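Residue strings, one per chain:
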Amino acid sequence: MLRFKHKTLSFSAALVSFAALVGTASAQTKWQSNHPARTEVNHRLDNQDARIHQDVKNGTLSKSQAASLHQQDHQVRQEERDMASQNGGHLTKQEAGTLNSQENAISKEIPPK
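It should be emphasised that the depicted structure is a prediction, and the values quoted were computed from it without experimental measurement. (Residues numbered from 1 in each chain as written. Predicted model: local features only at pLDDT ≥ 70, side-chain atom pairs only at ≥ 80, totals over all residues. Heavy atoms only, no water.)

Colleague: So what's going on with the overall build of the chain? Which residues, and what values?
Modeller: Along the backbone of the chain there are four helices and zero strands. Mapped from its N terminus to its C terminus, the chain presents α and β elements in the order α-α-α-α. Counting the 113 residues in the chain, one finds 23% classified as buried. Put simply, of all contacts in the chain between residues at least 6 apart along the chain, 66% involve residues at least 24 apart. For the chain, the accessible surface area stands at approximately 8200 Å², while carbon and sulfur atoms represent 58% of it. (Helix = DSSP H or I, 4+ residues; strand = E, 2+ residues; numbered from the N terminus. Buried < 20%, exposed > 50% of the residue type's maximum accessible area, 1.4 Å probe, protein only. Contact = heavy atoms within 4.5 Å. Areas by Shrake-Rupley, 256 points an atom, 1.4 Å probe, with all protein chains shown as cover.)

Colleague: Explain helix H2 (residues 36-58) residue by residue, including any values.
Modeller: Across its 23 residues, H2 extends 33 Å between first and last C-alpha, which sits within 8% of the 33 Å expected from 1.5 Å per residue. Within the sequence span of H2, burial applies to Arg38, Val41, Arg44, Leu45, Gln48, Arg51, Ile52 and Asp55. In the stretch just after H2, Gly59 is the one whose phi turns positive, near 90°. (Expected span 1.5 Å × (residues − 1).)

Colleague: I'd like a rundown of the environment of Ala37, residues and numbers included.
Modeller: In this fold, Ala37 is placed in helix H2. Sequence separation of Ala37 and Glu95 is 58 residues, and the distance between their C-alpha atoms is 9.1 Å. If we ignore the near neighbours within four places in the chain, the residues touching Ala37 are Leu91 and Ala96.

Colleague: I'd like a rundown of the pattern of salt bridges, residues and numbers included.
Modeller: Once the charged atoms of two side chains with opposite charge are near each other, the side chains can pair. For the structure on display, the rule yields three salt bridges. A salt bridge links Arg38 to Glu80, with the nearest nitrogen and oxygen atoms 2.4 Å apart. With Arg38 in helix H2 and Glu80 in helix H3 (residues 63-86), the pair connects residues that are 42 residues apart, well separated along the chain. Residue class for Arg38 comes out buried when judged on its relative accessible area of 17%. Using a relative accessible area of 1% as the deciding quantity, one classes Glu80 as buried. A salt bridge links Glu103 to Arg44; its shortest N-O distance comes to 3.5 Å. Residue Glu103 is located in helix H4 (residues 93-109), and its partner Arg44 is located in helix H2; the two are separated by 59 residues in the primary sequence. (Salt bridge = Lys/Arg side-chain N within 4 Å of Asp/Glu carboxyl O.)

See the structure below:
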């Protein structure tokens, strides 16, 4: 009888572990599909970072101008993280719009291609 209870308990523990693993995997997929605003904001920041580096390399931006733009981008990225942490890991449409406006302003300071 004790052996049967031990096997049942072991099986139950394995089943719970498996269920937790499956739940975690589906949560990751759900996070990715439900957070396109964060992906868009971060993609734009990465793109602007690359543009700044390219312009320094081309000589169209000074290092001090680039440092200022990088600082502004860093502030937007930090604000995005703070907003997302307050909303269960995602951005509201209003927050995404606010960040987009800030990115537009920074983008205008980067010389065109």
